[in-house]
Amino acid sequence: MDVGFRHPILLCLTLAVLGSVLADLDGPLMGAPGSAVRLSENDPGLKKALKFAEQRYNEGSNAMHVRRVSKILSASKQLVKGIRYSIMVELSNTQCKKAARLRICDFCPEEHNLKTEVCVFEVWDIPWESKSSLLKQKCQPAVDPKPVETNKVEFLPLSTKPVEESVDSVELLGQFKEFMVRYNRTYSSQEEADRRLRVFHENLKTAEKLQSLDQGTAEYGVTKFSDLTEEEFRTLYLNPLLSQQNLQQSMKPAAMPRGPAPPSWDWREHGAVSPVKNQGMCGSCWAFSVTGNIEGQWFAKTGKLVSLSEQELVDCDTVDQACGGGLPSNAYEVIEKLGGLETETDYSYTGKKQSCDFTTDKVTAYINSSVELSKDENEIAAWLAENGPVSVALNAFAMQFYRKGVSHPLKIFCNPWMIDHAVLLVGYGERETDTTTLITTLMSQNVVTTTCTGDPGSVGSTRCARLPL
């Protein structure tokens with residue numbers, strides 16, 4: 001993933017290591033039988049669940065006006081005893097007062113009266129019993145755009161008409177043409193080009209929304225992924241298996257660090273982090289996170305930094321799903337059984353699954369076990385400084401359109417069931433605001449980007465990671 005900037009970003013983070021640390025997760029996203037699957041906005045069951053959630057919300061609200069869903073941010077369902085829907089939406093004020101009980105309620109025409117909130121609902125529906133329950137409701141006000149220059153993203157004016165009516169606008173076509181030239185895009189037909197233009201336009205609006213909700217200094221806008229749908233981006237680059245609690249291997253707890261964490265630490269400055277790598281269009285972030293961790297561990301034990309093979313895991317780990325995602329906890333166990341890892345030179349990365357070509361004679365690094373770290377952030381920092389970089393998992397929400405700056409999403413976006421990307425935690429430090437910061441490297445092609453990730457549990461507390469994208 002080419003980013004091209006050297007600025008921090010702040011994301012939702014769940015920690016893991018070689019140790020691998022994977023925090024408590026509510027459930028899977030997609031993939032395996034029984035796991036959650038993403039839904040389109042037109043799914044009939046989703047519409048029913050949204051109507052139920054809206055009703056329960058309004059019944060429990062003291063507001064004068066009825067509030068409705070103005071935008072669906074994400075939705076998934078999981079077959080349990082019935083169907084559990086996990087939904088993230090924006091709710092906005094309508095012109096209907098609750099006492100009026102009107103059937104059609106339009107949104108308030110004045111933007112300042114919409115009072116939009118971002119809400120997460122979990123609805124449990126048992127169709128054969130005609131029974132629905134609201135398991136979770138968590139809402140917080142959407143953040144208004146901040147007039148801070150570093151947060152500003154320059155967009156050319158777009159029409160307020162529907163996409164179908166505005167795709168021929170001169171401004172939009174100019175932006176799309178510039179995007180195609182910059183990222184060397186070609187399409188197989190005019191029909192495909194038209195479809196990508198519509199996706200591009202929708203993504204511009206999404207980036208603007210992310211900009212308005214961000215609480216940091218991040219800038220969102222056109223990136224090399226701007227012609228991909230959310231589903232395509234997740235399928236090609238992310239790892240839904242990270243949220244599958246039922247697939248995770250149990251790991252023994254790590255020993256307590258011998259002393260407190262120093263004020264700051266960056267393993268890049270101590271030679272434990274190899275050059276930036278590019279995972280390409282393959283959901284192999286889990287393999288990059290694990291090899292980066294072992295490279296650091298091997299350096300700590302031998303004093304030698306060796307770039308290890310991610311392709312060995314993609315090809316030879318039959319427990320995980322290669323480019324379809326995987327779990328670091330599985331990968332550590334596979335490495336132990338194989339006998340170790342070859343170097344990047346001996347077993348080079350191709351970005352696609354091939355037949356396993358592992359040779360024990362070429363093993364350069366090996367591990368004897370893997371451990372799970374404490375969830376206490378001070379202990380994590382102390383363990384990292386004492387032992388080396390750590391394999392972690394985070395929520396890559398908003399990264400499709402991230403350009404630079406410190407990304408600080410609303411806490412509500414840091415739900416465990418949205419964990420979908422494995423990275424390498426390399427350090428931490430102090431910012432000017434005296435909040436703990438993580439030093440992170442974006443694993444992008446020929447680019448090293450400092451990246452910071454936020455602890456969903458406390459405002460201002462951050463962790464840093466190296467992102468294989």
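Only a predicted model underlies this, so the values are computations on that prediction, with no experimental measurement involved.

With the rule as written, the count across this model stands at 10 aromatic pairs. Plain terms: the ring middles of F176 and Y187 are 6.1 Å apart, the flat faces sit at 5° to each other, and that makes the pair stacked. With F176 in helix α4 (residues 170-182) and Y187 in the loop between α4 and α5 (190-213), this residue pair connects regions lying 11 residues apart in the sequence. Measuring from centroid to centroid gives 5.2 Å for F225 and F233, while their planes differ by 65°, and the two rings are edge-to-face. No difference in accessibility class separates F225 from F233, as the two residues are buried. Here the aromatic cluster, defined as three or more aromatic residues joined through ring pairs, consists of F176, F179, Y183, Y187 and F200. Over the face of the ring belonging to F107 we find R68, whose NZ or CZ atom lies 4.4 Å from the ring centre.

Along the polypeptide, S274 turns up in the loop between β9 (265-266) and α7 (285-302). Of the residues examined, S274 reaches a relative accessible area of 7% and is grouped as buried. Engagement of the side chain of S274 in a polar contact is seen with the side chain of E295, the distance being 2.7 Å.

With the rule as written, the count across this model stands at 18 salt bridges. The residue K205 makes a salt bridge to E202 at a minimum N-O spacing of 3.0 Å. Here K205 and its partner E202 are both found in helix α5, 3 residues apart, which amounts to about one turn of the helix. Its relative accessible area of 35% is what places K205 among the partly exposed residues. Shared partners join several salt bridges into a network, and the residues in it are E192, R195, R196 and E232.

Now for the nonpolar core. Core analysis: the largest hydrophobic core is formed by 22 residues, its most contacted members being W267, L373, W383, L384, V390 and L425. Among the secondary structure elements, those contributing two or more residues to this core are α10 (377-387), β11 (390-395) and β13 (421-425). With 5 residues, the single largest contributor to this core is α10. Counting 18 residues, the second largest nonpolar core, distinct from the first, contains F52, I83, Y85 and C119.

Of the strand pairs in this sheet, strand β5 (residues 117-126) and strand β6 (residues 131-141) are connected by 10 bridges, and their pairing is antiparallel. Note on β6: the bridge partner recorded for V123 is L134.

A few words on the confidence of the model for the chain. Mean pLDDT over the chain stands at 76; residues scoring 70 or higher make up 73%. Across the chain, the element-wise mean pLDDT spans from 31 in strand β18 (residues 462-464) up to 97 in helix α8 (residues 311-316). Across residues 1-34, where pLDDT falls below 50, the model places 183 contacts with residues more than four positions away in sequence or in other chains. Scored below 50 in pLDDT, residues 145-168 makes 46 contacts in the model with residues more than four places away or belonging to other chains.

A separate point is the state of the cysteines. Taken as a whole, this structure holds 4 disulfides when the rule is applied. Across a sulfur-sulfur distance of 2.0 Å, C282 and C323 are joined as a disulfide pair. Of note, the bridge from C282 to C323 carries an S-S torsion of about -95° and is left-handed in sense. Placement of C282 in the loop between β9 and α7 and of C323 in the loop between α8 and α9 (328-338) is noted, with a sequence separation of 41 residues between them. Residue classification places C323 among the partly exposed residues on the basis of a relative accessible area of 21%. The disulfide bridge from C316 ends at C356, spanning 2.0 Å between sulfur atoms. The disulfide joining C316 to C356 has a torsion of about 95° about its S-S bond and is therefore right-handed.

Axis separation between α7 and α9 bottoms out at 9 Å; the angle between their running directions is 55°. Of the possible angle classes, the one that applies to α7 and α9 is oblique. Viewed along their axes, α7 and α9 form a crossing whose handedness is right-handed. Between α7, through W286, V290, N293 and I294, and α9, the contact on the second element is made entirely by P328, A331, Y332 and I335. Looking at the contact of α7 with α9 residue by residue, the classes come out as 7 nonpolar, 1 polar and no charged.

Summarising the element assignment, S355 is placed in the loop between α9 and β10 (371-372). When the C-alpha positions of S355 and E312 are compared, they lie 9.7 Å apart, and in sequence the two are 43 residues distant. Setting aside anything within four residues of it in sequence, one finds S355 in contact with D315 and Y347.

Cut-off values and rules
- Residues numbered from 1 in each chain as written.
- Predicted model: local features only at pLDDT ≥ 70, side-chain atom pairs only at ≥ 80, totals over all residues.
- Heavy atoms only, no water.
- Phe/Tyr/Trp six-rings, centres within 6.5 Å; stacked < 30°, edge-to-face > 60°.
- Helix = DSSP H or I, 4+ residues; strand = E, 2+ residues; numbered from the N terminus.
- Buried < 20%, exposed > 50% of the residue type's maximum accessible area, 1.4 Å probe, protein only.
- Lys NZ or Arg CZ within 6 Å of the ring centre and 35° of its normal.
- Polar contact = N/O pair within 3.5 Å; in protein donor to acceptor, adjacent residues only side chain to side chain.
- Salt bridge = Lys/Arg side-chain N within 4 Å of Asp/Glu carboxyl O.
- Core = buried A, V, L, I, M, F, W, Y, C linked by side-chain atoms within 4.5 Å.
- Pairing = 2+ DSSP bridges.
- pLDDT = per-residue confidence, 0-100.
- Contact = heavy atoms within 4.5 Å.
- Disulfide = S-S within 2.5 Å.
- Axes fitted to C-alpha atoms, helices over the stretch in contact; angles between N-to-C directions.
- Parallel < 35°, antiparallel > 145°, perpendicular 65-115°, else oblique.
- Left-handed = near helix turned anticlockwise from the far one by under 90°.
- Nonpolar A, V, L, I, M, F, W, Y, C, P; charged D, E, K, R; others polar.

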